[in-house]
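Chain by chain, the residues run as shown.
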Amino acid sequence: MSSITWSPSHEGFIPSNLCSDYMIDFIDTINTCNLQQYCDIRNAHGRILDLVLCTRAVSVQACLDPLVPEDPHHKALSINASFGNFKPLASVPHKRYSYNRGDYSVINKLMSKTDWTILLSAADLNNAVEVFYKFIFDLRDTYIPTHSQSRLKYPPWYNSSLIKMVREKYKYLKKFKNYKNLSDESSFRLLRDRVNKTERHCFSAYISNIENSIKTNPKAFWSYLKSKNNNSTFPSSMSLDGVTSDTGQGISELFSSYFQSTFLNHCNSNISSSNAKQNLFNNIAPSNSNCDIGSVEINASEVERLLRSLDLTKSAGPDTIPAAFLVNCASELSVPVALLFQRCINEGIMPSRWKAAFISPIHKKGSKDCVEHYRPISKLCLLSKILERIIYTQLYSALKHTFSPAQHGFLKQRSTVSNLLIFSDFVTSNMDNGDQVDAIYTDYSKAFDRIDHCLLLNKLHLAGIRDDMKVFMVVNNAADALCLQEDLCRLDRYCVSNKLDLNVAKCYCVTFSRKRHLFEASYTIKGQNLARALSSRDLGVTYDSKLLFDQHIDHIVSKASKSLGFIMRASKPFKSMKTVKLLYCAYVRSHLEYASQIWNPQYDVYINRLEKIQRKFTRYVGFKFKIPYTDYEHRCERLHLLPLKLRRTVADVIFLFKIIRGYVDCPELLEMVNFHVPTRPSRKFKTLHIPACSTNFRKNFFSLRASNAINSLCNSSEVDIFGSSLETVKAIFIRNFVSSLA
């Protein structure tokens, strides 16, 4: 159910006095059924009494010409539903190779006899790469068997005998329709019953097989779940700017036109095209760094290791060479691949074949039949990704100390959680002092698609890719607001000089404070006033102006309820309790626990709201597998689950342990941890010092909350804050929970 319609905080749709536990349970039930409410038409008394629930978007309007006189409490509604045509497009036939049945002993023997230095000695690197691929393709065509492409007309659990019976059934049905022969009808009915019985048997065997082989063949299991979720299906007819196409080629051209239009045309730059390629590899390091990408070493043994580490389930890129071939020929391929990689480094050129990519559209929002509602992702050749990994590993090691301390994205031992914790610490500490914090959230239009490559070559010495930015500071008066506005002006000038397009329409200001009377300042970017918002979704966490995180909890509960309903429907044929639990942990619990260190609630109303999801799941499992009914905690013990409240405490403690031990590389977070140094002997020893706070919400901040938990843990058990393993810490929590139920 959409949050804008059903969130209790939106009083325009549901009066606050009706937002009782009963209403919340009703909302969760609607979410579990994967329904959304689309009616916002008020009656003559200004209320919404009629609900329009649907699994897909519908348009609801007041009917201007009702057939019968209207009831003042219930207005006549006009409901328009548009459902896309999701018939599969015709597949393009192409030759398929059975790489698992290839004669790799002969292939490797022929490769070992090849003088790669001579074969790859072409003056042009692109020509050398083409010679390499021609040699590989010749071996593939000779020693890798092919097979005919099977048409995916039937579900994967259909076997050959069942398919034959289905064809016979339709043959007699067609004869009966044409000739009205009763014997044909009798044969059709007999075959129909036989097909239904055989289909049930085949489906049951298929489900049992994929369920029992989750560890050995997880791809089959998750592919089945993905097909049930039906999120990746494309309509058979799509449109762009008034142009509609219903063929695979036509739809691909529409996507190509749209994705191309989002890229920035490179303007003139100080860097010339003649030396641009060389600068790509020679000018990355900062001027004061000894690192130079020209010093990247290509080692055949490292290439072989990376080739052998490829995931065999991954498909091939545009070069059509899959991981199975590269892994089986890793030892012999390491020499020619290393030679080509070294030439790429020395000449500063990336071969055209390795720059090609398969572009896959990923749906973002809105109607699925509109091309503008998709974003592209690229699938590169496996060899180009190996070269990327080699360069990345050596550059990161040399440049990791040059990154800004404020940079958390794309860096090891840092994450979205570490980023949000620093921001939350700044906001909560200032709110605890009675101040207000103004945060400006900025957004770049097509940030990764519209980068000027010429400028990028000149600026790669900065060694980083910037995320969307938030600018924040304490604002209590006009002078503070002016300082923040000056920062925004500097940001605007930086974006103009670096050809970064700030999307002002998506930039906004949020004020964090618990004051009754706020100082509201106006901020501008590019001469346009920024909108004000009461909340912001920041790296997956919804921050409200009071830091209650009630909107975030409503959002994740809504998503988790929908996911729970999905697994309850999809897990119906499964017979193993472990399988159902696996689905719950993957599809449901992950929504309820992401970045819990930021929003971990302290009030029972929110704690119970989250816990209801797992309560419902444990009841469902008990009903499905006929487990005698017990209370919630004993059901959790039976399923080897911990209550979500306890799991959030474990997550707090583990993350703080990682900060203290340096597993999280963030000095700003480490500064939040203070060890307790007693002035006199005491019976109760506190490991960590907890500073005094004047507000409850500051007391519930991560570092204080987790420090309290660690102090309790160290006092009640033999835990060494530096010596005990993280697994030992988790085991103590589990043991304490189980012992509390005895």
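For the structure itself, look to the data block above.
Structure report, in brief. Predicted, not measured: the structure shown is a model, and the values here were computed from it. In every chain, residue numbers begin from 1 and rise along the written sequence. A pLDDT threshold of at least 70 governs which residues receive local features in this predicted model, and a stricter bar of 80 or more applies before side-chain atom pairs are shown or counted, although totals over entire chains, interfaces and linings include all residues. Side-chain measures here rest on the full set of heavy atoms in the structure, leaving out hydrogens and waters.

1. Some points on the overall build of the chain
Numbering of helices and strands runs from the N terminus; a helix is a DSSP stretch of H or I covering at least four residues, while a strand is a stretch of E covering at least two. Check the secondary structure of the chain and you find 28 helices and 18 strands. Partly exposed residues are those whose accessible area sits between 20% and 50% of the maximum for their type, while under 20% is buried and over 50% is exposed, using a 1.4 Å probe and protein chains only. Out of the 742 residues in the chain, the part that is buried amounts to 41%. Residue contacts follow a heavy-atom distance rule, with two residues in contact if any of their heavy atoms lie within 4.5 Å. Summarising the internal contacts of the chain: among those between residues at least 6 apart in sequence, 70% fall at separations of at least 24. In these tables, accessible area is a Shrake-Rupley quantity obtained with a 1.4 Å probe, and a residue counts as shielded only by the protein chains included in the view. Counting every atom, the chain has about 41500 Å² of accessible surface; 53% of that belongs to carbon and sulfur.

2. Some details on the sheet that holds strand 16 (residues 531-533)
Within the open sheet, the four strands sit side by side as 12-11-13-16. Their pairing is mixed. Strands at the two margins of the open sheet, each flanked by one partner only, are strand 12 (470-474) and strand 16. Recorded for the sheet is a direction-independent mean angle of 25 degrees between the axes of neighbouring strands. Relative to strand 12, strand 11 (residues 437-441) is paired through five bridges, and the arrangement is antiparallel. By the bridge assignment, Tyr 441 is partnered in strand 12 with Lys 470. Whenever a helix is involved, its axis is fitted only over the stretch in contact; in every case the axis is a line through C-alpha atoms, and angles between N-to-C directions fall within 0 to 180 degrees. Sheet contacts for helix 16 (residues 416-432): strand 11, strand 12 and strand 13 (508-512); angle to strand 12, the most-contacted strand, approximately 25 degrees. Here helix 18 (residues 478-497) sits on the sheet in contact with strand 11 and strand 12, set at roughly 160 degrees to strand 12. A pair of strands counts as paired when DSSP detects no fewer than two bridges linking them.

3. Thoughts on a positive patch on the surface
Residues qualify for a patch when their relative accessible area is over 30% and they have no salt bridge, like charges being joined within 9 Å and the nonpolar side chains of Val, Leu, Ile, Met, Phe, Trp and Tyr within 5 Å. In what follows, salt bridge is the name for a side-chain nitrogen of Lys or Arg lying within 4 Å of a carboxyl oxygen of Asp or Glu. Positive charge is attributed to Lys and Arg, negative charge to Asp and Glu, and no charge count is given to His or to the chain ends. The atom standing in for a charge is NZ when the residue is Lys, CZ when it is Arg, CG when it is Asp and CD when it is Glu. A surface patch of positive charge is lined by Lys 364, Lys 365, Arg 375 and Lys 506. With respect to the helices and strands, Lys 364 occurs in the loop between strand 9 (357-363) and strand 10 (374-380). A residue is classified by how much of its surface remains accessible, and Lys 364, at 51% relative accessible area, is exposed.

4. Some thoughts on the packing of helix 19 (residues 550-570) against helix 20 (residues 577-593)
Where helix 19 meets helix 20, the closest approach of the two axes is 8 Å, and the angle between their N-to-C directions is 170 degrees. Taken as axis vectors, helix 19 and helix 20 run roughly antiparallel relative to one another. In this structure, helix 19 uses Ile 556, Val 557, Lys 559, Ala 560, Ser 563, Leu 564, Phe 566 and Ile 567 to contact helix 20, whose residues at the interface are Leu 583, Tyr 584, Tyr 587, Val 588, His 591 and Leu 592. Classification used: nonpolar for Ala, Val, Leu, Ile, Met, Phe, Trp, Tyr, Cys and Pro, charged for Asp, Glu, Lys and Arg, polar for all others including Gly. Residues belonging to the contact of helix 19 with helix 20 are distributed by class as follows: 11 nonpolar, two polar and one charged. By the definition adopted for this analysis, an angle is roughly parallel if under 35 degrees, roughly antiparallel if over 145, roughly perpendicular if from 65 to 115, and oblique otherwise.

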